[in-house]
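Single-letter residue listing:
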Amino acid sequence: MSTLTRRCCYSLALSLMMLLLLVACNSGQAQQQTPASTSGANAQQLLQQSEQQLTAARTLHAVVTIQIDGETYQGALTSEIWKAAPARSRSLILRSTLSDFPVGELTVSNGEKLWIYNPARHIVYAGSINSQGGSALFGSSSNPVNQLTLNLIDPIFSQSQATLASQTVTVDGHSATVVHVTSQQSAASGPDYSGDVYLDRSNDLPIKLVLNLQGFAQVTLQLPTLELNRSLADSLFSFTPPANAQVAPLLQASATPTSGTLTLGQAEQLAGYHLLSIPSSQSDYQLEGVDVLSTASGQVFVLHYLKGDQSFSILEGKALANEPLPSGTTLTLRGTTATYSTGSDNPTLAWKEQGLGIRISGDLDEQEAIAIANQLS
């Protein structure tokens, strides 16, 4: 599975949680619900009213478990989440079998600044939040991750073909209405899915979703705790890095016009300079798209490549030229000094040239990474 596909899978699974719990928590009271009937029209209305309750809440506290079961990707993640309008949020990973989301990782936003603390690595990533609101994990749809969230998941509540099941079921001790959902055949975008949404009959809020996402996996989301409009302490939304923790700049996803993935030509227009890439004549390599990250010192462009079953990314930009090379084995590459590091999940080959910092990271050994580096033009 390619790096971009893996990232989409992670975002897809987490976006179920994000849409329900973290999308635009606006000021205002929850809407009063009307009793559901067995008609398809009222099934759709029931979904929309459930979403309205979540998006209208002033505060939210939830515990969420996501289970992904697919042929090539499996895993589970449980998080505890707090959110207060308009842009304060906190998320703690309680349990995880997904390497990209380690247990104990804490993400805190006070609406102006974002901290991500990884206790296992004893590092804090910190930075200001985009002035348009939100961050890579919380809030606005103006960044690539959340835009992907809305593109893929919003149709489940607002555009699905929905019908009410005749029977009432019990989920974790709650009497639940079952709404069966399928993607609309006429939809031009979004996932092809089918499944069931379980709504608590006492308040019409979701307590479970089971969705079959075609070509990916079955995704099960459970909400054993979901509280709206409860008082939350201000201290939840502040964070002071531990005294002996490393503090590093936050790479924050920047806004892009559509899904957050650009063509190479669009990325070069945005950059205003040439981006090194693998020549198109090397047909074994497939460029899947370019993402844009931003730091306090400028933009970083991420080129996602696939070669057979191998996936890797090339990160480059003037902002990376200001960063030190990762520690690792030192070697000479393209007439300059480079390092090859295996200290993270993805081995990384890093160097600087033409005023750019460049890093190749992914499912590659040292010689494979060097061979790719020497092809860049």
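Everything below is about the structure shown above.
Bear in mind the structure is a predicted one, so any value in this text is a computation, not a measurement. (Residues numbered from 1 in each chain as written. Predicted model: local features only at pLDDT ≥ 70, side-chain atom pairs only at ≥ 80, totals over all residues. Heavy atoms only, no water.)

J.: Explain the overall build of the chain residue by residue, including any values.
T.: Counting its secondary structure elements, the chain contains 6 helices and 20 strands. Excluding contacts between residues fewer than 6 apart, the proportion of contacts in the chain whose partners are at least 24 apart in sequence is 54%. Of the accessible surface of the chain, which amounts to about 17,000 Å², a share of 47% is contributed by carbon and sulfur atoms. (Helix = DSSP H or I, 4+ residues; strand = E, 2+ residues; numbered from the N terminus. Contact = heavy atoms within 4.5 Å. Areas by Shrake-Rupley, 256 points an atom, 1.4 Å probe, with all protein chains shown as cover.)

J.: Please give an account of the side chain of Ser109 that cites residues and values.
T.: Within the secondary structure, Ser109 sits in strand 4 (residues 106-109). Polar contacts involving the side chain of Ser109 include one to the main-chain carbonyl oxygen of Ala87, which spans 3.4 Å. (Polar contact = N/O pair within 3.5 Å; in protein donor to acceptor, adjacent residues only side chain to side chain.)

J.: Kindly report on the packing of aromatic side chains, identifying the contributing residues and their values.
T.: What the rule picks out here adds up to 5 aromatic pairs. Consider the rings of Tyr273 and Phe301, whose centres lie 6.3 Å apart with planes at 90°: the pair is edge-to-face. Taken as a pair, Tyr273 in the loop between helix 4 (264-271) and strand 14 (286-295) and Phe301 in strand 15 (residues 298-307) lie far apart in primary sequence, 28 residues in all. Residues Tyr273 and Phe301 agree in their burial class; the two are buried. In this structure an aromatic cluster arises from ring pairing among Trp115, Tyr117 and Phe239. The residue whose ring lies beneath Arg90 is Trp82, and the NZ or CZ to ring-centre distance is 5.9 Å. (Phe/Tyr/Trp six-rings, centres within 6.5 Å; stacked < 30°, edge-to-face > 60°. Buried < 20%, exposed > 50% of the residue type's maximum accessible area, 1.4 Å probe, protein only. Lys NZ or Arg CZ within 6 Å of the ring centre and 35° of its normal.)

J.: Kindly report on the pattern of salt bridges, identifying the contributing residues and their values.
T.: On inspection of all chains with the given rule, the structure shows 3 salt bridges. A salt bridge links Glu227 to Arg230; the shortest N-O distance between them is 3.5 Å. Judged by relative accessible area, Glu227 falls into the partly exposed class, the value being 27%. Among the residues examined, Arg230 registers a relative accessible area of 49% and is labelled partly exposed. For Glu353, the salt bridge goes to Arg334, with nearest N and O atoms at 2.4 Å. (Salt bridge = Lys/Arg side-chain N within 4 Å of Asp/Glu carboxyl O.)

J.: Residue-level account of the pairing of strand 18 (residues 336-341), with values.
T.: Looking at chain direction, strand 17 (residues 329-333) and strand 18 are connected through 5 bridges and run antiparallel. Counterpart to Thr332 in the pairing with strand 18 is Thr337. As judged from the 4 bridges shared by strand 18 and strand 19 (residues 348-353), these two strands associate in the antiparallel manner. Bridging from a neighbouring strand, Ser341 pairs with Thr348 of strand 19. (Pairing = 2+ DSSP bridges.)

J.: Any chance you could break down unusual backbone geometry for me, citing the residues and the numbers?
T.: Each neighbour pair has its own omega, and for Ala85 with Pro86 the value is 0°, a cis peptide bond. With respect to the helices, strands and loops of the structure, Pro86 is situated in the loop between strand 2 (74-84) and strand 3 (88-96). Despite not being glycine, Asn229 shows a phi value in the positive range, around 60°. Looking at where Asn229 falls in the secondary structure, it is placed in the loop between strand 11 (217-228) and strand 12 (246-249). Classification of Asn229 by relative accessible area gives partly exposed; the value is 21%. For Arg334, which is not a glycine, the phi torsion comes out positive at approximately 50°. Locating Arg334 in the fold gives a position in the loop between strand 17 and strand 18. Since its relative accessible area comes to 28%, Arg334 is described here as partly exposed.

J.: Provide a residue-level description of helix 6 (residues 366-375), including the pertinent values.
T.: All buried positions along helix 6 are accounted for by Ala369, Ile370, Ile372 and Ala373. The buried side chains of helix 6 occupy one side of the element, clustering within an arc of 160° when seen end-on. Turning to helix 6, the residues buried within the fold contact strand 16 (310-317), strand 17, strand 18, strand 19 and strand 20 (356-362). (Arc of directions from axis to C-beta.)

J.: Tell me about the environment of Leu320, residues and numbers included.
T.: Assignment of secondary structure puts Leu320 in helix 5 (residues 318-321). Once the C-alpha coordinates of Leu320 and Gln299 are considered, the two residues, 21 residues apart in sequence, prove to be 8.5 Å apart. Excluding its chain neighbours within four sequence positions, the residues that come into contact with Leu320 are Val300, Leu315, Lys352, Gly357 and Arg359.

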